Amino acid sequence: MPTRRAILAASPVTVLSTTVSAEPDTAPAVMISTWDFGAAANAAGVARRQAGDSALDMVEAGGRVAEADESNSSVGLGGLPDRDGRVTLDACMMGWNGDIGAVCALEDVVHAVSVARAVMEKTPHTMLVGEGARTFAVDQGFPTQNLLTPRAEAAWRDWLKTAEYAPRINSENTDWRSMPGGPGNHDTIGLIAIGADGHMGGACTTSGMAFKMRGRVGDSPLIGAGLYIDDEVGGATATGVGEDVVRVAGSHAVVEAMRHGMDPTSACRSVIERLARLRGTKVAASQVALLALDKQGRAGAFALRPGFTYAVTAADGTTRIERAGALFA
């Protein structure tokens, strides 16, 4: 097996020696989601569980909270636009039995996660994109509106002064906490849940990287990359630079590692290490984080760099914010 030194042979950065994992005496989780703003999403989701609803109901409810939050510059309404000034949304959902649905480059509809569910439940397809996704959403009765808020437009116009694209690590948290609507270059809320019936489900929803090229799609709506659920094992989701998540089929790889006996944190770490071996210095300035929940309610995560946080909620609604371990300093 490659040593930690071998993993970083091509990289100038150093490895952190610490790993953060869930405490053994904590209550089993029934819902997890990415970043600090996942706490509000989890509250909505667990309320659905307490009403007897499914995991899909839980993650849809949580995703809709993030999508409607104008202070969140990386998801839904208030999301930062592409370099042409147009807000485009990507989302997917996956159920316990392999049902999947996704939308890419959806415009003018806030709740992309609900449109993804409609694709899953009301069409013979698994993904709709662009104008086709918008037309389907309108046909299904979803309201339309301009998703470009004044704050997001101001951030875009400020960006146009230099038009320089440089993703910033962990901007999901820094922007949401201190400068809502300010410039940010990452994406995604990923959510995984165990429903009242014991079955699992998951969702991802995002406005994608700020000021991206028009038509760019990252990992978030791609089953196996941004999200994967296996009811025998557990589920995983991803955040950060989506192109790098796609390269290693991140979420599917985590679930397969759990299938072969790894706990969620170790499974996430194994895939992050694989990405570092594969890309070397090309990920030296990037953030990628993976988050997982197994069928026993154990949550875990790992990231390329420090700063990734995630929300973990038990059946009674108690939520804690965890900070993931990281490979690089």
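Parameters at a glance
- Here the residue numbers are simple positions, counted from 1 along each chain's written sequence.
- Residue-level local features of this predicted model are given only where pLDDT is at least 70; pairs of side-chain atoms are given and counted only at 80 or more, and the full residue set underlies all totals for whole chains, interfaces and linings.
- Side-chain calculation: all heavy atoms of the structure are included, whereas hydrogens and water are not.
- Being paired, for any two strands, means DSSP has found at least two bridges between them.
- Put simply, DSSP H or I for four residues or longer makes a helix, DSSP E for two residues or longer makes a strand, and each gets a number counted from the N terminus.
- Angles run from 0 to 180 degrees between N-to-C directions of axes, and those axes are lines fitted to C-alpha atoms, restricted for helices to the stretch in contact.
- Contacts between residues were defined by any pair of non-hydrogen atoms, one from each residue, lying within 4.5 Å.
- Per-residue accessibility, obtained with a 1.4 Å probe over protein chains only, is compared with the maximum for each type, and a residue is labelled buried under 20%, exposed over 50%, and partly exposed between these values.
- The aromatic pairing rule takes the rings of Phe, Tyr and Trp, using the six-membered ring of Trp, and pairs them if the centres are within 6.5 Å, calling planes under 30 degrees apart stacked, those over 60 edge-to-face and the rest tilted.

Draft legend 1. Representation of the sheet that holds strand β4 (residues 127–129) in the model. The eight strands are arranged β4-β3-β2-β6-β5-β1-β11-β12 in an open sheet whose pairing can be described as mixed. Bordering the open sheet on either side are β4 and β12 (319–323), each of which pairs with just one other strand. On average, each strand axis in the sheet is inclined to that of its neighbour by 10°, with strand direction left out of account. Two strands pair when backbone bridges link them, and strand β2 (residues 89–94) and strand β3 (residues 100–106) are joined in this way by five bridges, in the antiparallel orientation. Residue pairing in the sheet places Cys 92 in a bridge with Ala 102 of β3. Seen against the sheet, helix α3 (residues 55–68) touches β1 (29–34), β2, β5 (189–194) and β6 (200–206) and runs at an angle of roughly 155° to β5. On top of the sheet, helix α4 (residues 112–122) reaches β2, β3, β4 and β6; it is set at about 130° to β3, its chief contact.

Draft legend 2. Examining the pairing of strand β8 (residues 234–240) more closely. Within β8, seven of the seven residues are buried, which leaves the element mostly enclosed by the surrounding structure. Here β8 shows no split at all, with Gly 234, Ala 236, Ala 238 and Gly 240 on one side and Gly 235, Thr 237 and Thr 239 on the other all buried. Pairing between strand β7 (residues 227–230) and β8: four bridges, direction antiparallel. In the strand pairing of β8, Ile 229 is matched with Gly 235. The antiparallel pairing of β7 with β8 creates a hairpin that spans three residues between the two strands. Across seven bridges, the pairing between β8 and strand β9 (residues 288–294) is antiparallel.

Draft legend 3. Region of interest: the sheet that holds β9. What the five strands build is an open sheet, ordered β7-β8-β9-β10-β13; its pairing is mixed. Among the strands making up the open sheet, the edge pair consists of β7 and β13 (325–326). Note: β9 against strand β10 (residues 299–303), five bridges, orientation antiparallel. When the sheet's bridge partners are listed, Ala 292 is paired in β10 with Gly 300. Helix α9 (residues 250–259) rests against β7, β8 and β9 of the sheet, and its axis sits at about 145° to β8.

Draft legend 4. Layout of the packing of aromatic side chains. Within the structure shown, the criterion is met by three aromatic pairs. Centre to centre, the rings of Trp 159 and Phe 211 are 4.8 Å apart; their planes meet at 15°, and the pair counts as stacked. Placement of the pair is Trp 159 in helix α6 (residues 150–160) and Phe 211 in the loop between β6 and β7, with a sequence separation of 52 residues. With respect to burial, Trp 159 and Phe 211 carry one shared label: buried. With a centroid separation of 5.9 Å and 25° between ring planes, the pair formed by Phe 308 and Tyr 310 is classed as stacked. Exposure remark for Phe 308: the relative accessible area of 0% places this residue in the buried category. The class of Tyr 310 is buried, set by a relative accessible area of 1%.

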